[in-house]
Amino acid sequence: MEFRIIKSPSEGTLDILRRRMGTNCKTDLDSADAIGLVQGRMIEMICAADIAEKAVGVTVEDVRGSCPQNMILIAIFGDTASVESAIKEIKIKMEEGKTL
């Protein structure tokens, strides 16, 4: 899995995400102080989304795209501390291999 955090995302970055997430996006992107991006296999991303939402007050959205390696991208939205905590918790839980 790969992880990145964008603090104070630019309007251009938010526009890219809006286009990639489409009309099914339920998150108000303008209110997000930070965005955590996590990429991996589908099974990992579903588990990562569950871990993030259970750990702290963040919302998770699927970012659509076409990747020849069948990698999936999720975006974690919230305040900076919450996004950082969610990413940290994903790393810990996935390393431990705990059942969710």
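Residues numbered from 1 in each chain as written. Predicted model: local features only at pLDDT ≥ 70, side-chain atom pairs only at ≥ 80, totals over all residues. Heavy atoms only, no water.

Enquirer: What am I meant to see in helix 1 (residues 11-21) here?
Expert: One turn of the α-helix equals 3.6 residues, which is why residues spaced by three or four share an orientation. Among all positions in helix 1, only L14, L17 and M21 are buried. Viewed end-on, helix 1 has its buried residues packed into an arc of 60°, placing them on one side of the element. Where helix 1 is buried, its residues meet strand 2 (34-40), strand 3 (59-63) and strand 4 (72-78). (Buried < 20%, exposed > 50% of the residue type's maximum accessible area, 1.4 Å probe, protein only. Helix = DSSP H or I, 4+ residues; strand = E, 2+ residues; numbered from the N terminus. Arc of directions from axis to C-beta. Contact = heavy atoms within 4.5 Å.)

Enquirer: So what exactly am I meant to see when it comes to the nonpolar core here?
Expert: Within soluble globular proteins, side chains that are nonpolar generally end up buried alongside one another. In terms of nonpolar packing, the biggest core is built from 16 residues, with V38, A52, I74, I76 and I90 touching the most fellow members. Elements that contribute at least two residues to this core include exactly strand 2, helix 2 (42-55), strand 4 and helix 3 (80-96). If one sorts the elements of this core by residue count, helix 2 sits on top with 5 residues. Those residues in contact with I76, other than ones at most four positions away along the chain, are A34, I35, G36, V38, A52, V58, T59, V60, V83, A86, I87 and I90. M21, I35, L37 and V63 belong to the second largest nonpolar core, which has 10 residues in total. (Core = buried A, V, L, I, M, F, W, Y, C linked by side-chain atoms within 4.5 Å.)

Enquirer: So what exactly am I meant to see when it comes to the sheet that holds strand 2 here?
Expert: Consider a sheet: its strands pair through backbone hydrogen bonds, and that pairing is either parallel or antiparallel. Reading across from one edge, 1-2-4-3 is the order of the 4 strands in this open sheet, with antiparallel pairing throughout. For this open sheet the edge positions go to strand 1 (2-7) and strand 3, each flanked by a neighbour on one side alone. Geometrically, the sheet is characterised by an average inter-axis angle of 20° between neighbouring strands, direction not taken into account. Taken together, the 5 bridges between strand 3 and strand 4 define a ladder with antiparallel strand orientation. When the sheet's bridge partners are listed, E61 is paired in strand 4 with A75. With respect to the sheet, helix 2 is in contact with strand 2, strand 3 and strand 4, its orientation differing from that of strand 4 by roughly 10°. Along the sheet, helix 3 contacts strand 1, strand 2 and strand 4; its crossing angle with strand 1, the most-contacted strand, is approximately 175°. (Pairing = 2+ DSSP bridges. Axes fitted to C-alpha atoms, helices over the stretch in contact; angles between N-to-C directions.)

Enquirer: How should I be thinking about helix 3 in this particular structure?
Expert: Across its 17 residues, helix 3 extends 24 Å between first and last C-alpha, which sits within 8% of the 24 Å expected from 1.5 Å per residue. All of the buried residues along helix 3 are S82, V83, A86, I87 and I90. Down the axis of helix 3, the buried set is contained in an arc of 135°. They therefore lie on one face. Structural note: helix 3 exposes K88 and E95 on the side pointing more than 90 degrees away from its buried face. Close packing links the buried residues of helix 3 with strand 1, strand 2, helix 2 and strand 4. Of the residues flanking the start of helix 3, the one acting as N-cap is D79, its side-chain oxygen 3.2 Å from the backbone nitrogen of A81. (Expected span 1.5 Å × (residues − 1). Polar contact = N/O pair within 3.5 Å; in protein donor to acceptor, adjacent residues only side chain to side chain.)

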